[in-house]
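Residue-level listing of the chains:
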Amino acid sequence: MTLIDHDLGTPAPKPSIRNGEQTAVEVTIDGVKISVAEGTSVMRAAALAGVDVPKLCATDSLDPFGSCRLCLVEIDGRKGTPASCTTPCTPGMTVSTQTPKLERLRRGVMELYISDHPLDCLTCAANGDCELQDMSGAVGLRDVRYGYDGDNHLSLGKDTSNPYFTFDSSKCIVCNRCVRACEEIQGTFALTIEGRGFGSRVAAGFNGNFFDSPCVSCGACVQACPTATLTENTVIELGQPRRTVLTTCAYCGVGCSFKAEMQGETVVRMTPYKNGGANEGHSCVKGRFAWGYANHQDRQLEPMIRESITDEWKKVSFDEAIAFAAGKLQSIQSRHGKYSIGAISSSRCTNEEVFVVQKLVRAAFGNNNIDTCARVCHSPTGFGLSNAFGTSAGTQDFKSVEYSDVILLIGANPTDAHPVFASRMKKRLREGAKLIVVDPRKIDLVKTAHIEASGFLQLQPGTNVAVINSLAHVIVTEGLADAKFITERCEPSEYAIWSEFVSRQENSPEAMEAHTGVPAAQVREAARLFATGGNGAIYYGLGVTEHSQGSTMVMGMANLAMATGNLGRDGVGVNPLRGQNNVQGSCDMGSFPHELPGYRHVSDDATRTMFEELWGTAIQSEPGLRIPNMFDNAIDGNFKGLFVHGEDIAQSDPNTAHVESALSSMECVIVQDLFLNETARFAHVFFPGTSFLEKDGTFTNAERRINRVRPAMRPQTGKHEWEIVCELANALGHPMSYNESSEIMDEIAALTPTFKGVSFARLDAEGSVQWPCNDANPHGTPIMHKEKFVRGLGKFTPTPYVPTEEKSTRKFPLLLTTGRILSQYNVGAQTRRTKNVAWHAEDLLEIHPSDALERGVRDGEEVTIASRVGNTVLRAQITERVAPGVVYTTFHYPISGANVITTDNSDWATNCPEYKVTAVQVSPGRSAATAELDHPAHRLSALVRMANQISRQFAADSSLDAVKATVAHLERFWEHEMRVDLAQAVEAGSITVDDIVVEAVRRLTVHA
Ligand code: SF4
Ligand code: SF4
Ligand code: SF4
Ligand code: FES
């Protein structure tokens, strides 16, 4: 892996069908004959022939622009010197890239650039990685005839408003690459070139700075910039990287590939990898910039134990912690039976780590009490898609969207939650594909730069199934179904039952309008568009699954795709946008209590025998406990020990009071994590975890793509997580050992038919593969169900709409729904420990102006939000993004306690919690009901907000390190100590909340 990739200058021409035949064109460049696809630029053909034509405004991630005039060539039989980046090859073309005339012209161009450029190369951050410097060398520039004293831009100032990169306008050559990257790759259109001629300058937003512009900090412009104009602050601080490690982002389910560019074991920058299958060289703010948490001072690097959760933690050796944990678990099992303990695996961890955790449970605990955090997000996807198609996974790869004509986006907000995929989708929409959004909230994609949805079905929370049935009703009753596909690919009797069901009047848009709130005409129009508009693709997110009818809705979408023949080729399919980086993988790896790896039921004798023979132990044939059952059994006194691997269930699971009650009922809670999270407050053993920069293994993204996660540094804890899990199994009496994590993947491959062809060697050779990867598909399977479904014929299932029990009432008249914001991630454990807090320092409650007015709620003020299970306090944001009757919040901050109010309603099939519908009331201020919430944590949250503001204000001034240190200290204080020690101190009366606030403000004021 090289630090700097060979840039071919312009993108490859896109075939109309993926991997389809392209006409070849033969050209001769500097005497070298080369055959290229029709539409290839002369510049790219030359680069492929080993001739790099000098260039500045061209790069192979952007369409050619032709502004710098450095890439001029001479072509036999043509007049002049055309730009090679904008000139396509034609048959028989003979090109010269290096002639005395071209040399003279290029030098002249470079003279103009250099005469208006600060010549501080030796101290410039881009020294060694600057294309302007390289091109000066390439054209043999030795002097500037006009001198350096003419009009110039050398005194222009720097924009340091973005926390992660700096814009130094004095170094800008106005090549437009940043503007084009923002438009073509990211699709945000935040940048423009203002002025004309000599006065042309890059500007963010309306002449403002980057931070206040629409910029989403994806960094595409920084990556595209050929000079030091746009530079990562880490490069300015540390200098150029010296080595690179190819790895995978550990945030969302897009699974972007990155080059971790390093100096020793220090990350200098993360650069998205242009050959990464999921991201093709793009990233979002989290993957590119928000990795600082990996070295945050809050990280716990040593194992700790304590007898009681009211005791102080005691740091111990790994041996002591493992022996302590094993002793506790064995004691529990001897007194309460084999089934009294279990584990929760993590969708944040590698496949290899997840595999050994479920093996620990099945082989060393001797039961099937293993569940995963996927339970609370995408378990209905597994159930629904498996039922319809025979496989618990999405049908397409991300590239498929480039061939979609109509995109039906349901319960997903890709620009915030899956930003890199959103950019790919936006590109296709700008090319002319149509978009239908089904969501209670007006997400950005409904109307954003150069994009406007053709349909926006703003439904009431909890009525997805009603909408999908009414879409199907229109398609079937108006004769728009794909009869050929249905006849050839689906079970006829099941289709007959389903089509009769959806045709019923009760499922018509007109009948469902009363439930959904969506005008029937809009539904009819959307249905017609989806059925007749060409390749129709369905993309969906947690706004589908996290409902009491989550599994029903997944089946409903599968029905719709089959009815319209939208499966088995490019541009179509049913595509879950997975929340966490390895949700797909953790499910694949057998993390559910009823399934062994590869989605095979534990009751299947042949499968169990295979595992038993390799593992040398019996496996139970009865499914184990799901997470909610573990909690209920703990409260009932029957479940006493839990290993929580890389999850913060006390914050992420619904009905926090219930979760905390369950956790505090147990005798031994083991937490393995990077930080002492909320769950660790109830733990007796803490094992330190490793960040993605230290892990060695694989993640599987939302498109079933298995990507390598390679260690950029050694584990800071001294041990890989899988080693700790194996040592715990050994201490419990079941031998488990591997020399390398590749051996775990070998075991996975040996036991799992869909992974049979997967090995680290194959991944190293091919970059990534999408399962199934086996003898039939040795290079993986980008698109599933091409000729037939995995289950044979596709299965239609009637999906009656059953309104959720969680209804708005007189007492709780509003419906709360939840989601994510771009800069933060999940419970925020990582992103809150990065500079991303500059964009989102607290969770807000979005409320419609009419609901706010009715309640006397004012923008920016605190409101009490109460449901039937709890209440909390958030700051209100009045917006028409939400419809009247609906409120919305994120759950990135523990202090917000969003899950204090979500109920334990759940999906009928999988128990996935109904996070997306909670009946609530909102009232201004802190009501009497929240008096008990006048807790130090809430007082301190205001303080942290203020501290963040001060920190932002002075971020550019390094002399104010003391302020920043104080802020960091307060955040730590707030996060951990206060919750336990300080709260106790307050309760004991030894300190008052006011004392704390006054002291903190005094310290901040002194420093500021
Ligand atoms: S960081 Fe991304 S969104 Fe911001 S200006 Fe650059 S390309 Fe545009
Ligand atoms: S900021 Fe960089 S990429 Fe943008 S126009 Fe200037 S030199 Fe080109
Ligand atoms: S889109 Fe997801 S995987 Fe890609 S960089 Fe952003 S957070 Fe990471
Ligand atoms: S690289 Fe071709 S005109 Fe700039």
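Rules and cut-offs
Residues numbered from 1 in each chain as written. Chains lettered and ligands numbered in written order. Predicted model: local features only at pLDDT ≥ 70, side-chain atom pairs only at ≥ 80, totals over all residues. Heavy atoms only, no water. Pairing = 2+ DSSP bridges. Helix = DSSP H or I, 4+ residues; strand = E, 2+ residues; numbered from the N terminus. Expected span 1.5 Å × (residues − 1). Buried < 20%, exposed > 50% of the residue type's maximum accessible area, 1.4 Å probe, protein only. Near = heavy atom within 4 Å. Polar contact = N/O pair within 3.5 Å; in protein donor to acceptor, adjacent residues only side chain to side chain. Contact = heavy atoms within 4.5 Å. Nonpolar A, V, L, I, M, F, W, Y, C, P; charged D, E, K, R; others polar. Core = buried A, V, L, I, M, F, W, Y, C linked by side-chain atoms within 4.5 Å. Phe/Tyr/Trp six-rings, centres within 6.5 Å; stacked < 30°, edge-to-face > 60°. Salt bridge = Lys/Arg side-chain N within 4 Å of Asp/Glu carboxyl O. Axes fitted to C-alpha atoms, helices over the stretch in contact; angles between N-to-C directions. Parallel < 35°, antiparallel > 145°, perpendicular 65-115°, else oblique. Left-handed = near helix turned anticlockwise from the far one by under 90°. pLDDT = per-residue confidence, 0-100.

This brings us to the pairing of strand E1 (residues 24-29). Pairing of E1 with strand E2 (residues 32-37), which is carried by six bridges, proceeds in the antiparallel orientation. Residue pairing in the sheet places Ala24 in a bridge with Ala37 of E2. Counted along the chain from E1 to the antiparallel partner E2, the turn is two residues long, and its residue Asp30 has a positive phi close to 50°. In this structure, E1 lies alongside strand E4 (residues 94-96), joined through two bridges in parallel fashion. The residue bridging Ile29 from the neighbouring strand is Val95, located in E4.

Moving on to helix H9 (residues 351-365). For H9, which comprises 15 residues, the first-to-last C-alpha distance of 20 Å matches the rise-based estimate of 21 Å (1.5 Å per residue) to within 8%. Counting buried positions along H9 yields 15 of 15 residues, so the element is predominantly enclosed. Remark: Gly366 follows H9 within two positions and exhibits a positive phi of approximately 80°.

What follows is about the site of ligand 3. If you check the shell around ligand 3, you find Cys249, Tyr251, Cys252, Val254, Gly255, Cys256, Phe258, Cys284, Lys286, Gly287, Pro419 and Val420 and nothing else. Of all the elements in the fold, those that place two or more residues in the shell around ligand 3 are helix H7 (285-289) and helix H12 (419-430).

Next up on the list: the sheet that holds strand E5 (residues 158-159). Read from one edge to the other, the open sheet built from three strands follows the order E5-E6-E9, with strand pairing classed as antiparallel. Here the strands that pair on one side only, and so sit at the sheet edges, are E5 and strand E9 (230-232). The pairing of E5 with strand E6 (residues 165-168) spans two bridges and is classified as antiparallel. When the sheet's bridge partners are listed, Asp159 is paired in E6 with Phe167.

For the rest of this paragraph, the subject is the side chain of Thr817. For Thr817, the position within the fold is in strand E32 (residues 814-819). Here the side chain of Thr817 touches Lys916 through a polar contact of 3.1 Å, landing on its backbone oxygen. Excluding anything up to four places from it in sequence, Thr817 contacts Val886, Val887, Tyr888, Thr889 and Lys916.

Before going further, it helps to spend a moment on the pairing of strand E26 (residues 641-645). Of all the five residues making up E26, five are buried; the element is thus mostly covered by neighbouring parts of the structure. Across the two faces of E26 the burial is the same, with Gly641, Phe643 and His645 and Leu642 and Val644 all buried. Taken together, the four bridges between strand E15 (residues 341-345) and E26 define a ladder with parallel strand orientation. Bridged to Ile341 within E26 is Gly641.

In the vicinity of ligand 2 there are 14 residues, among which Cys172, Cys175, Asn176, Cys178 and Cys225 approach most closely. Looking at the shell around ligand 2 residue by residue, the class counts come to ten nonpolar, three polar and one charged.

In this section: the nonpolar core. Judged by nonpolar contacts, the single largest core of 71 residues is most densely connected at Phe210, Leu230, Leu409, Met425 and Tyr539. Take this core: its biggest share by element is four residues, from H12. Every residue in contact with Met425, bar those within four places of it in the chain, is listed here: Val401, Ile407, Leu409, Leu445 and Tyr539. Core analysis: the second largest hydrophobic core is formed by 61 residues, Ala364, Trp615, Phe643 and Ile670 among them.

Turning our eyes to something else, we now look at the environment of His282. Considering the arrangement of structural elements, one finds His282 in the loop between strand E12 (266-272) and H7. For His282 and Ile821, which are 539 residues apart along the polypeptide, the C-alpha to C-alpha distance reads 19 Å. If we ignore the near neighbours within four places in the chain, the residues touching His282 are Ile185, Gln186, Cys218, Ala220, Cys256, Pro272, Val420 and Ser423. Side chain to side chain, His282 and Gln186 meet in a polar contact 2.8 Å long.

Turning our eyes to something else, we now look at the packing of aromatic side chains. Tallying each qualifying case throughout the model produces 22 aromatic pairs. Ring centres 5.7 Å apart and planes at 25° place the aromatic pair Phe211 and Trp839 in the stacked group. You can see Phe211 sitting in the loop between strand E8 (201-204) and helix H5 (220-224) and its partner Trp839 sitting in the loop between E32 and strand E33 (844-847), a full 628 residues away along the chain. By relative accessible area, Phe211 is classed as partly exposed at 23%. We classify Trp839 as partly exposed; its relative accessible area is 28%. Consider the rings of Phe421 and Tyr539, whose centres lie 4.9 Å apart with planes at 40°: the pair is tilted. Note that Phe421 is positioned in helix H12 and Tyr539 in strand E22 (residues 536-540), a separation of 118 residues in sequence. Like Tyr539, Phe421 is buried. Members of the aromatic cluster, each reached through a chain of ring pairs, are Tyr164, Phe165, Phe167, Phe210, Phe211, Phe289 and Trp839.

Taken as a whole, this structure holds 55 salt bridges when the rule is applied. Its salt-bridge partner being Arg881, residue Asp444 comes within 2.4 Å of it at the nearest N-O pair. Here Arg881 lies in the loop between strand E35 (871-878) and strand E36 (886-890) and Asp444 lies in the loop between strand E18 (434-438) and strand E19 (447-448), a separation of 437 residues in the sequence. For the salt bridge of Arg710 with Asp764, the shortest nitrogen-to-oxygen distance reads 2.6 Å. In this pair, Arg710 is assigned in the loop between strand E30 (705-709) and helix H25 (721-731) and Asp764 in helix H27 (residues 760-766), connecting sequence segments 54 residues apart. The exposure class assigned to Arg710 is buried, which follows from its relative accessible area of 18%. Taken together, the shared-partner salt bridges in this structure form one network comprising Lys14, Asp405, Arg428 and Glu431.

Turning our eyes to something else, we now look at the sheet that holds strand E3 (residues 74-75). The four strands lie next to each other as E2-E1-E4-E3, forming an open sheet whose pairing is mixed. Because the sheet does not close on itself, it has two edges, and the strands there are E2 and E3.

A few words now on the packing of helix H2 (residues 100-115) against helix H3 (residues 131-138). One can describe the packing of H2 onto H3 by two numbers: an axis separation of 10 Å at closest approach and a directional angle of 140°. When the axes of H2 and H3 are compared, the pair comes out oblique. When the axes of H2 and H3 are compared, the crossing they make is left-handed. Across the interface between the two elements, Met110, Tyr113 and Ile114 from H2 touch Leu132, Met135 and Ser136 from H3. Here the contact of H2 with H3 is built from residues that sort into five nonpolar, one polar and no charged.

You can see Val502 is positioned in helix H15 (residues 492-503). Val502 sits in the buried class, given a relative accessible area of 0%. With 30 residues separating them in the primary sequence, Val502 and Ala472 have C-alpha atoms 6.3 Å apart.

The pLDDT averaged across the protein works out to 89; a share of 91% of its residues lies at or above 70. In this model residues 928-942 is a low-confidence stretch, pLDDT under 50, and it forms 34 contacts with partners more than four residues away in sequence or in other chains. Taken together, the stretch residues 944-960 has pLDDT below 50 and engages in 30 contacts with residues farther than four places along the chain or on a different chain.

Between Trp771 and Pro772 the backbone carries a cis peptide bond, its omega angle lying at 0°. Of note, Val174 is a non-glycine position whose phi angle comes to about 55°, a positive value. Here Val174 lies in the loop between E6 and helix H4 (177-186). Relative accessible area serves as the criterion here: at 23%, Val174 is assigned to the partly exposed category.

Position of Glu510 relative to the elements: it lies in helix H16 (residues 509-516). With a relative accessible area of 41%, Glu510 lands in the partly exposed category. The sequence separation of Glu510 and Phe687 amounts to 177 residues, and the corresponding C-alpha distance is 56 Å. Discounting chain neighbours no more than four positions away, the residues touching Glu510 are Ala520 and Arg524. At 2.8 Å, the side chain of Glu510 and the side chain of Arg524 are in polar contact.

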